[in-house]
Amino acid sequence: MEIANWFRGFEKGLNQLSPEQRCCFFSECGKNCVISSGTLSVYQKFYEDVQGNIDAFFQKANELPGVKGEVVEKGRSYRLVFLECTCNLCKKGYVTTPLLCECSRQSVIYSLQSLWKDEHFTVTLCHSILRGGADCELKIEVEKP
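This one's a predicted model, so the numbers in the text were calculated from it and none came from an experiment.

Peer 1: Help me understand the packing of aromatic side chains, please; the structure alone is not making it clear to me.
Peer 2: For any two aromatic rings, the description comes down to two numbers: the centre-to-centre distance and the angle of the planes. Using the criterion set out here, one finds 13 aromatic pairs in the structure. Judged by centre distance (6.1 Å) and plane angle (50 degrees), the ring pair of Phe-10 and Phe-25 falls under tilted. Of this pair, Phe-10 sits in helix 1 (residues 3-16) while Phe-25 sits in helix 2 (residues 19-36), placing them 15 residues apart in sequence. When the centroid spacing of 5.0 Å and the interplanar angle of 75 degrees are considered together, the rings of Phe-25 and Phe-26 count as edge-to-face. In this structure Phe-25 comes out as partly exposed when scored by relative accessible area, which is 36%. Here the aromatic residues Tyr-43, Phe-46, Tyr-47, Phe-57, Phe-58, Tyr-78, Trp-116 and Phe-121 are joined through ring pairs into a cluster of three or more. In this arrangement the basic side chain of Lys-60 is found over the ring face of Phe-46, its NZ or CZ atom lying 5.3 Å from the centre.

Peer 1: Any chance you could explain the pattern of salt bridges here in plain terms?
Peer 2: Pairing is possible between side chains of opposite charge, provided their charged atoms come close. For the structure on display, the rule yields six salt bridges. Glu-137 serves as the salt-bridge partner of Arg-79, at 3.0 Å between the closest nitrogen and oxygen. Placement of Arg-79 in strand 2 (residues 77-82) and of Glu-137 in strand 4 (residues 136-143) is noted, with a sequence separation of 58 residues between them. The partly exposed category is assigned to Arg-79, whose relative accessible area is 25%. Exposure remark for Glu-137: the relative accessible area of 14% places this residue in the buried category. Note that Arg-105 and Glu-102 form a salt bridge whose closest N and O atoms lie 2.8 Å from each other. On the criterion of helical spacing, the pair formed by Arg-105 and Glu-102 is a turn pair, its members being three residues apart in helix 6 (residues 101-115). Assessed through its relative accessible area of 18%, Arg-105 is described here as buried. Glu-102 sits in the buried class, given a relative accessible area of 17%. One salt-bridge network, in which partners are shared between bridges, spans Lys-45, Asp-49, Lys-60 and Glu-63.

Peer 1: Is there a simple way to explain the nonpolar core in this structure?
Peer 2: Generally speaking, soluble globular proteins have nonpolar side chains that are buried together. Grouped together as the largest cluster of nonpolar side chains are 24 residues, with contacts concentrated most on Phe-57, Phe-58, Leu-80, Leu-112 and Ile-140. Elements represented by at least two residues in this core include exactly helix 3 (39-49), helix 4 (54-60), strand 2, helix 6, strand 3 (120-127) and strand 4. If near-sequence neighbours (up to four positions away) are discounted, Phe-57 is found in contact with Tyr-43, Phe-46, Tyr-47, Val-50, Leu-112, Leu-115 and Trp-116. Phe-7, Phe-10, Leu-14 and Val-95 belong to the second largest nonpolar core, which has eight residues in total.

Cut-offs used in this document
Numbers given to residues run from 1 along each chain, matching the order in which its sequence is written. A pLDDT threshold of at least 70 governs which residues receive local features in this predicted model, and a stricter bar of 80 or more applies before side-chain atom pairs are shown or counted, although totals over entire chains, interfaces and linings include all residues. The side-chain numbers reported here are obtained from all heavy atoms of the structure, hydrogens and water having been left aside. Stacked, edge-to-face and tilted labels apply to pairs of Phe, Tyr and Trp rings (six-membered ring for Trp) whose centres lie within 6.5 Å, assigned for plane angles under 30 degrees, over 60, and everything in between, in that order. Put simply, DSSP H or I for four residues or longer makes a helix, DSSP E for two residues or longer makes a strand, and each gets a number counted from the N terminus. Each residue gets one of three labels from its accessible area relative to the maximum for its type: buried under 20%, exposed over 50%, partly exposed in between, using a 1.4 Å probe on protein chains only. Working rule: Lys NZ or Arg CZ, within 6 Å of ring centre, within 35 degrees of ring normal, means a charge sits over the ring. Every case where a carboxyl oxygen of Asp or Glu lies within 4 Å of a side-chain nitrogen of Lys or Arg is listed as a salt bridge. For the purposes of this section, nonpolar cores are sets of buried Ala, Val, Leu, Ile, Met, Phe, Trp, Tyr and Cys residues that join through side-chain atoms within 4.5 Å. In what follows, a contact means two residues having at least one pair of non-hydrogen atoms within 4.5 Å.

Pasting the structure below:
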């Protein structure tokens, strides 16, 4: 069986999952991806460089090629924009469903929780390339009690 055919079945299966089920499924995929790709290591280095200052972290994200970080509200709200899709499954044409963007959202949640263990984050996918956008934008909010 050709791998592209397998992924067509994968996409059909994703369509049958509820949003909550996709969230659980992609939390493990996103974690694995961010660790194996080396992205988490880059984020850890940034975290160390800025001594855990979350505002400075998102400003430093602008140093990454194809990434824009923005402080919307200091200590509370941020935007992270990817100018191109970084998912290898999409880049190779295996997966085209926008449902896969949940994996990216989950990878950001995992990364942030790994760095700021005492914080809780809400990450919202505003738009994505797979959804027809020009880029992929995530809104990140630090939940305060």
